[in-house]
Amino acid sequence: MNGKKWAVGAAVAVMLLGVGGASAGGGTGAGPGAFGREAAQSEIRTAAAAAGLSESESLKREEAASPSAGTERDRLAARAAACTAGWGYFGRVVDGARGKFDRTVAALAEKGWAESGKRFEEKIDDSGGTSVGVTLKKNGWTLYARHHAPKAMEMDVISFQATEDACMNGFSEREWDVLFGEDGDSGD
């Protein structure tokens, strides 16, 4: 599966069921002593909080909601959520957001998350808005850290979304199509 589809899949799966995902276990690495979903989730939340970032209240409420497993798409979304961990903020501009984002990435690096590939930064609007992202890896997990700050919209979008590689690789192309293809919202 290509990286873009993986990133979109991870982000959407996490958002479908709330940033914390379902309580459906820790993916394939949940055995004793393994680095699993709960450990990844804890490291992300701890790093963000230490940097002074606050998670969006609406995302915290979504996390508490139980997903319905009525359609095939719902069942696949629940399975994907078991492979993910994350944290997110979507809202008004946060004072010092970029510095807090960078401190969170640095704290994750101190916990063993290694940068994978190049960090990107680009201008996203004529008012000076930027988008920055970095990909980190640790113990079979890939973490996509993103900060989008569109000045024209006066907002910040900050996300740290991790996916367990082996777990996500267990999805077939057909299952990805059900989740995110043109027919993805039709259910069964």
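Analysis parameters
- Residues numbered from 1 in each chain as written.
- Predicted model: local features only at pLDDT ≥ 70, side-chain atom pairs only at ≥ 80, totals over all residues.
- Heavy atoms only, no water.
- Buried < 20%, exposed > 50% of the residue type's maximum accessible area, 1.4 Å probe, protein only.
- Helix = DSSP H or I, 4+ residues; strand = E, 2+ residues; numbered from the N terminus.
- Pairing = 2+ DSSP bridges.
- Arc of directions from axis to C-beta.
- Phe/Tyr/Trp six-rings, centres within 6.5 Å; stacked < 30°, edge-to-face > 60°.
- Lys NZ or Arg CZ within 6 Å of the ring centre and 35° of its normal.
- pLDDT = per-residue confidence, 0-100.
- Contact = heavy atoms within 4.5 Å.
- Salt bridge = Lys/Arg side-chain N within 4 Å of Asp/Glu carboxyl O.

**Observations concerning the pairing of strand 6 (residues 155-164)**
Move 1: With 9 of 10 residues buried, strand 6 is to be regarded as a mostly interior element.
Move 2: Alignment of strand 1 (residues 84-92) against strand 6, held across 9 bridges, turns out to be antiparallel. The residue of strand 6 that forms the bridge with phenylalanine 90 is valine 157.
Move 3: Pairing of strand 5 (residues 141-149) with strand 6 involves 8 bridges; the strand directions are antiparallel. Its bridge partner being in strand 6, leucine 143 is matched across the sheet by alanine 162.
Move 4: As consecutive antiparallel partners, strand 5 and strand 6 are separated by 5 residues, and within that stretch glutamate 154 has a phi angle of approximately 50 degrees, a positive value.

**Looking at helix 7 (residues 173-180)**
Residues lying three or four places apart along an α-helix face the same way, a consequence of the helix completing one turn every 3.6 residues.
Move 1: Within the sequence span of helix 7, burial applies to Glu175, Trp176, Val178 and Leu179. Buried residues of helix 7 fall within an arc of 160 degrees about the axis and therefore sit on the same side.

**A closer look at the packing of aromatic side chains**
Move 1: Applying the stated criterion to the full structure yields 6 aromatic pairs.
Move 2: Cation over ring: arginine 79 sits above phenylalanine 171, and NZ or CZ is 3.9 Å from the ring centre.

**Focus: the confidence of the model for the protein**
Should pLDDT be low for a region, the predicted coordinates there are not to be read in detail.
Move 1: A residue-level look at the protein finds 72% of positions with pLDDT of 70 or above and a mean pLDDT of 79.
Move 2: When the elements of the protein are averaged for pLDDT, helix 1 (residues 3-16) gives the smallest value, 44, and helix 5 (residues 97-110) the largest, 96.
Move 3: pLDDT under 50 marks residues 1-30. Its contacts with residues more than four places away, or in other chains, come to 76 contacts.
Move 4: For the stretch residues 183-188, pLDDT sits under 50, and the model shows 14 contacts to residues farther than four places along the chain or on other chains.

**Re the pattern of salt bridges**
A side chain with one charge may pair with a side chain of the opposite charge, provided their charged atoms come close.
Move 1: For the structure on display, the rule yields 9 salt bridges.
Move 2: One salt bridge connects glutamate 72 with arginine 174, and the closest N-O pair in it is separated by 2.5 Å. Pair noted here: glutamate 72 is in helix 4 (residues 72-81) and arginine 174 is in helix 7, with a separation of 102 residues, a long-range link.
Move 3: On the basis of relative accessible area, arginine 174 is assigned to the partly exposed category, the value being 46%.
Move 4: The partner of lysine 137 in a salt bridge is aspartate 165, with the nearest N and O atoms 3.8 Å apart. Taken together, the residues span a long stretch of sequence, with lysine 137 in strand 4 (residues 130-138) and aspartate 165 in helix 6 (residues 165-169) at a distance of 28 residues.
Move 5: Residue classification places lysine 137 among the partly exposed positions, given a relative accessible area of 36%.
Move 6: Judged by relative accessible area, which is 16%, aspartate 165 ranks as buried.
Move 7: Within the structure, one salt-bridge network assembled from shared partners comprises Arg98, Asp102, Glu115, Arg119 and Glu121.

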